Amino acid sequence: MIVADQKDITEIIAMTEGYRNILVIGCDTCVTVCLAGGAKEVAILASGLRLAAKASGRQVEVHETSIERQCEKEFVDALHSAVKGQDLLISTGCGIGVQTIAEQFPQIPVVPALNTKMLGLPERQGVWVERCQACGQCILDKTGGICPISRCSKSLLNGPCGGSQNGKCEINKDIDCGWHLIYERLKALGRLACLEEIMPAKNWSTSRDGGPRKVIREDMCL
Amino acid sequence: MKAGSRLEQLLTRGEFVATAELGPPKSADIQLIKRKAEILRGFADAVNITDNQTAIVRVSSVAAGKIALDEGLEPIIQMTCRDRNRLAMQADILGAYVLGLRNLLCLSGDHQSFGNHPQSKNVYDLDSIQLVQMFKNMRDEKVFQCGEEIRNTKKSEIMEPRMFLGVAANPFGDPFEFRVVRLAKKIKAGADFVQTQCIFDLPKFKRWMQMVVDQGLHEKVYILAGIMPIKSPKVLQYMKNNVAGMSIPDELIRRMEGAKDAKAEGVRICVELIQQAREIPGVRGVHIMAVEWEEIVPTIVKDAGLWPRPQVG
Ligand code: SF4
Ligand code: SF4
């Protein structure tokens, strides 16, 4: 899923400077799961904004709402009546949510309350970790189901660099070396021979490097 | 001959070679490059010109290499995957070649989080193995990475850059067993010579070399053992704690601590390591990495009995 966390409240308060009618919009999907932008976080943020406005003597009305998925127009459309009369929208969705709202309501400014971080998974209570960088050409079949693009700090494709030690990455002793994990997994699977092959230069054009990407399913288009 | 560099000639002739390192300045100080070149001239068969070493901005390795070349040294241009994509790398190797540079060392590079621009965007378009492969194909197949021939127009002559290609190997990184596999991959990709990470843990290095020799890899590539002179026990301790992929025995730290003149002891250790490394089957030379201590290289080379250096025809 998409993992995000909330911006520092002072940064969000600064974004509200000069606005009187504010709507905070939550998203019930990924950001609810990662405890960053669901209905509960919206309520906390909204009251924080009210308190801040009061403390600085500003006349501000902060409203709250939440929708099923901010990343889909059909769900965002349901916001029409709530948005009416607002002069600022704060999205606690991921970056896609913010942009979907901006596209649907071009006449009202929308600002992000979250920093969208990565595609990852909840490792344990309160900890989320990156697992994919959406490179557009998955190679997990060759690497024991562990992604070197996202889990090696240098996105290397042919094994661990010289900095790998005790299973940890050279950049930080708290970070697992992705390639060490791959090595151990392939060893356990009896497939170490995979690593003797040279993985050729990657085609990054399916990744961000090919410009903004688009997926078209002709068979599904109307 | 693949590139005809002095380094290649000496290695093919069977000489025990000595390479050193020249770190370009962190400013536009051309005199510093010349001063370091002056110190090293005559004491090293070739000199590595580091590429934004430890991810700190410095004079580019190609530019500093050209100055070193003009000062009578034979440079080995280092190139990391961190700072350039495949276009820039191929442009730089063409550039290095037309300037007369003939040796190239391909590295992944330290992650930028160690350097003076931790907020930068890294590249890692290729990894070091893919980098060697690309340069080997440029030299031997005369094609760019994309497969196009290296010539200006369909009718013009092919003019490929011919470089003697080096790689680094760290016998002390983990997983240990994979280190030899990785070296084999680098050789398969086209490495002509290898410089190892600096050796302090001789027994571990010997174990690694044994695995290398068992697989016959020492016959496919020239292996130069990395040696680093240490000025004080503090430096050694610091490296043990903070530099990833290093193996430093406590006994060595104690020896440095016990010494009256730590610098002199550092040189003695260095000389001993060179002599011991020389006895290990498969080792074809040493690479002396005197980081920001280039002045000591002549002493080490002389004390290790490696001076004068052989001439080429
Ligand atoms: S290889 Fe690419 S698509 Fe597959 S997990 Fe890694 S980043 Fe994601
Ligand atoms: S230590 Fe491992 S994870 Fe870190 S950059 Fe090197 S290979 Fe990648």
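For the structure, see preceding data.
Worth saying up front: this structure is predicted, and the values here are computed from it rather than measured.

Asker: Explain the pairing of strand 6 (residues 193–198) of chain B to me, please; I cannot follow it from the model alone.
Answerer: All names here are of chain B. The buried fraction of strand 6 is high, at five of six residues. In this sheet, strand 6 lies alongside strand 5 (residues 164–169) in parallel orientation, the contact comprising four bridges. Bridging from a neighbouring strand, Gly166 pairs with Phe193 of strand 6. In this view, the connection linking strand 5 to its parallel neighbour strand 6 by way of helix 6 (residues 176–189) has right-handed handedness. Across four bridges, the pairing between strand 6 and strand 7 (residues 222–227) is parallel. Each residue of the ladder has a partner; that of Gln195, found in strand 7, is Leu224. Chirality of the crossover, the property in question, places the unit of strand 6, helix 7 (residues 202–214) and strand 7 among those that are right-handed.

Asker: Help me understand helix 3 (residues 61–70) of chain B, please; the structure alone is not making it clear to me.
Answerer: Since the α-helix turns once every 3.6 residues, residues separated by three or four places project in the same direction. All of the buried residues along helix 3 of chain B are Ser61, Val62, Ala64, Gly65, Ile67 and Ala68 of chain B. At its buried positions, helix 3 of chain B is contacted by helix 2 (30–40), strand 2 (46–49), strand 3 (75–80) and helix 4 (86–98) of chain B.

Asker: Is there a simple way to explain empty space enclosed by the protein in this structure?
Answerer: One way to see where empty space is left: roll a probe the size of a water molecule over the atoms. Residues and elements named next belong to chain A. All chains considered together, the criterion is met by three cavities of 30 Å³ or more. For the largest cavity, the calculated volume is near 100 Å³. What lines the largest cavity is a set of 15 residues, among which Cys152, Ser153, Cys161, Cys169 and Cys177 lie closest to the centre. The set of elements that each furnish at least two residues to the lining of the largest cavity consists of strand 8 (168–169) and helix 8 (178–188). Residues that form the lining of the largest cavity fall into these classes: seven nonpolar, three polar and five charged.

Cut-offs and rules
- Residue positions are given per chain, counted from 1 along the sequence in the order it is written.
- Think of it this way: whatever chain is written first is A, whatever ligand is written first is 1, and the rest follow in order.
- Only residues with pLDDT of at least 70 get local features here, since the model is predicted, and only at 80 or more are side-chain atom pairs given and counted; chain-wide, interface and lining totals rely on the full set of residues.
- By convention in this description, side-chain values take in all heavy atoms of the structure and omit both hydrogens and water.
- Burial classes: relative accessible area under 20% of the type maximum marks a residue as buried, over 50% as exposed, and values in between as partly exposed (1.4 Å probe, protein chains only).
- Secondary structure elements follow DSSP: runs of H or I of four or more residues count as helices, runs of E of two or more count as strands, with numbering from the N terminus.
- Pairing between strands requires that DSSP locate at least two bridges from one strand to the other.
- Whether a crossover is right-handed depends on one test, that the path from the first strand over the helix to the second runs clockwise when the strands point away from the viewer.
- It only takes one pair of heavy atoms within 4.5 Å for two residues to be counted as in contact.
- The distinction between a cavity and a pocket rests on a 1 Å grid over the protein atoms alone: a 1.4 Å probe fits inside a cavity but cannot get out, while a pocket stays open yet meets protein on both sides within 12 Å along at least five of seven lines, and a residue with an atom within 4 Å of a point counts as lining.
- Grid points are joined across faces, edges and corners, and a volume is the space filled by probe spheres set on the points.
- Classes in brief: Ala, Val, Leu, Ile, Met, Phe, Trp, Tyr, Cys and Pro nonpolar; Asp, Glu, Lys and Arg charged; the others, Gly included, polar.

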